[in-house]
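Observations on chain architecture
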Amino acid sequence: TPYRRDERVRIKATGARILSLDQIEGLEPIRPDEDDGDDLELGEELDEGGDPPRVWSPHGEYPGTAFTRSLGDSIAEELGVIAV
């Protein structure tokens, strides 16, 4: 999931963005240093309101998945989500 640092690094290497819905909508600030730390835990500040980090295209507000592995999601697969 995007909670794991290694998954965030792998996804971002494709050009995808890892942001919460609140960050996409401008309700929360985007902090470029969030990936400097270790794995995130459910309930940490980034997820206080149940708004998990999500995978977004660099070109738009899609697909917005809260996972990094999927079954047959071709759009997400272009962004580094492992789609079997």
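Residues numbered from 1 in each chain as written. Predicted model: local features only at pLDDT ≥ 70, side-chain atom pairs only at ≥ 80, totals over all residues. Heavy atoms only, no water.

A short note on the environment of S57
Stated formally: Secondary structure counts use DSSP, requiring at least four H or I residues in a row for a helix and at least two E residues in a row for a strand, with both numbered from the N terminus. Contacts are assigned to residue pairs with any non-hydrogen atoms lying within 4.5 Å of each other.
Counting through the fold element by element, S57 comes out in the loop between strand 2 (54–56) and strand 3 (63–65). Put simply, S57 and G15 are 42 residues apart on the chain and 7.6 Å apart in space, counted from C-alpha to C-alpha. Discounting chain neighbours no more than four positions away, the residues touching S57 are R17, Y62, P63 and L79.

Quick word on the environment of V81
What counts, and what does not: Each residue gets one of three labels from its accessible area relative to the maximum for its type: buried under 20%, exposed over 50%, partly exposed in between, using a 1.4 Å probe on protein chains only.
Residue position: V81 is located in the loop between helix 3 (74–78) and strand 5 (82–83). Accessibility expressed as a relative area gives 2% for V81, which makes it buried. Residues V81 and I11 lie 70 residues apart in sequence; the distance between their C-alpha atoms is 6.9 Å. Those residues in contact with V81 that sit more than four places away from it in its chain are I11, V55, T65, F67, T68, R69, S70 and A76.

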